[in-house]
Amino acid sequence: MQNETTKIALLVAVSTLVFLLMPVFLILYIRSYNRHKKNHFLEKQNMQQRFESEILQTRIEVQDQTMQSIATELHDNVGQLLSLTTLTLNSVNLNDAEKAKKKIENSLSLVNKSIKELRELAKLLHGEQLVENGIGHAIDQEINWLGKAGTYELKTNNLLTDSQLVSPDKDLIILRLLQEIINNVIKHAQATYIQIDSYLEEGALHLKVTENGIGFNPDEINAKKAGMGLNSIYKRIEMINGKLALNSAPGKGTSIAIEIPYP
């Protein structure tokens with residue numbers, strides 16, 4: 001009888017202890033859940049802030065690139081056209097009507113050419129609007145400016161111009177990636193031939209730049225993820241969950257292929 005009483009007392013004690021501990025465990029679980037939820041929210045908020053900061057930085061860099069292109073074009077092209085127009089007009093001899101007429105016609109032709117160039121510059125000033133019109137048009141604009149240099153044999157296959165898909169934030173980053181790759185080619189590659197391919201395939205945007213420059217050892221670059229502006233390129237691609245394939249060898253040129261989920 002005493003054993004039964006002892007067992008019952010022990011069972012009651014254990015049950016009471018469990019009953020008392022359950023709220024404690026429940027409270028601890030809720031606090032832990034709320035803490036993890038808060039940390040997840042803060043981490044997500046920080047990621048969003050970093051992304052927005054990168055977007056802002058990209059906008060600034062694209063604007064800087066645009067202004068540099070405009071300054072170069074004004075100095076090297078429009079400025080020379082207007083200087084030549086001034087020289088031509090200053091050399092007009094009104095006593096020789098035939099030659100004067102020809103020089104004035106040449107001057108008008110130079111002025112019209114200057115106006116055309118200024119219109120192209122006006123388009124470039126609306127860099128963000130260009131991106132809003134689609135990444136295909138933005139890529140075309142970059143290719144046109146590269147072609148004006150007359151330094152490279154260019155081959156392009158831009159299949160994005162007719163695409164109706166847009167992703168303003170990604171498009172801005174993609175445009176900046178292309179600008180950085182082209183800048184690297186200009187500064188480091190010593191290339192004479194550049195091929196640019198862009199297209200959509202299976203929900204991804206593909207951008208590939210191939211050149212016949214001096215090349216380099218990609219293992220060293222991939223290990224460091226630095227040098228030749230590639231650190232920034234890797235960083236931006238990671239931001240938009242993209243992939244990069246880099247192929248190069250000393251004396252054999254370089255190929256950079258980018259794949260980005262799109263839109």
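Residues numbered from 1 in each chain as written. Predicted model: local features only at pLDDT ≥ 70, side-chain atom pairs only at ≥ 80, totals over all residues. Heavy atoms only, no water.

Student: Tell me about the pattern of salt bridges, residues and numbers included.
Tutor: Charged atoms that come close allow side chains of opposite charge to pair. Scanning all chains against the criterion turns up 2 salt bridges. One salt bridge connects Glu180 with Arg176, and the closest N-O pair in it is separated by 3.7 Å. Of this pair, Glu180 and Arg176 both sit in helix H5 (residues 168–189), separated by 4 residues, roughly a single helical turn. Its relative accessible area of 9% is what places Glu180 among the buried residues. Residue Glu180 pairs with Arg236 through a salt bridge whose shortest N-O separation is 3.0 Å. Residue Glu180 is found in helix H5, and its partner Arg236 is found in helix H7 (residues 230–239); the two are separated by 56 residues along the sequence. What makes Arg236 buried here is its relative accessible area of 3%. A cluster of three or more residues bridged by salt bridges with shared partners is formed by Arg176, Glu180 and Arg236. (Salt bridge = Lys/Arg side-chain N within 4 Å of Asp/Glu carboxyl O. Helix = DSSP H or I, 4+ residues; strand = E, 2+ residues; numbered from the N terminus. Buried < 20%, exposed > 50% of the residue type's maximum accessible area, 1.4 Å probe, protein only.)

Student: Tell me what's going on with the sheet that holds strand E5 (residues 254–261), and back it up with residues and numbers.
Tutor: The strand order across the open sheet formed by 5 strands is E1-E2-E3-E5-E4, and the pairing between neighbours is mixed. Lying at the two open borders of the sheet, with one neighbouring strand each, are strand E1 (153–158) and strand E4 (243–248). For this sheet, the mean angle separating the axes of adjacent strands, direction not counted, is 10°. On the sheet, H7 packs against E4 and E5 and is oriented at approximately 150° with respect to E4. (Pairing = 2+ DSSP bridges. Axes fitted to C-alpha atoms, helices over the stretch in contact; angles between N-to-C directions. Contact = heavy atoms within 4.5 Å.)

Student: Describe the nonpolar core, and please don't skip the residues or the numbers.
Tutor: The biggest cluster of nonpolar side chains holds 33 residues, and the ones touching the most others in it are Ile135, Leu207 and Ile258. Within the residue set of this core, elements represented by two or more residues are helix H4 (135–148), H5, strand E2 (193–201), strand E3 (204–211), H7 and E5. With 9 residues, H5 is the largest single contributor of residues to this core. For Ile135, the residues in contact, after removing those within four places along its chain, are Leu160, Asp171, Ile174, Leu175, Leu205 and Tyr262. (Core = buried A, V, L, I, M, F, W, Y, C linked by side-chain atoms within 4.5 Å.)

Student: How would you explain empty space enclosed by the protein if you had to name every residue and give the values?
Tutor: To find leftover empty space, one rolls a probe the size of a water molecule over the atoms. In total, this model carries 2 cavities of 30 Å³ or more according to the counting rule given. Looking at the second largest cavity, its volume works out to about 40 Å³. What lines the second largest cavity is Gly134, Ile135, Gly136, Leu160, Ser163, Leu165, Leu200, Leu205 and Tyr262. Residue classes in the lining of the second largest cavity are distributed as 6 nonpolar, 3 polar and no charged. (1 Å grid on protein atoms, 1.4 Å probe; cavity = no way out; pocket = protein on both sides within 12 Å on 5 of 7 lines; lining within 4 Å. Points joined across faces, edges and corners; volume = space filled by probe spheres on them. Nonpolar A, V, L, I, M, F, W, Y, C, P; charged D, E, K, R; others polar.)

Student: Explain H7 residue by residue, including any values.
Tutor: Taken residue by residue, H7 has Leu230, Ile233, Tyr234, Arg236 and Ile237 as its buried positions. When H7 is viewed along its axis, its buried side chains cluster within an angular range of 165° and face the same direction. Of the residues one or two after H7, Asn241 is the one with positive phi, at around 55°. (Arc of directions from axis to C-beta.)

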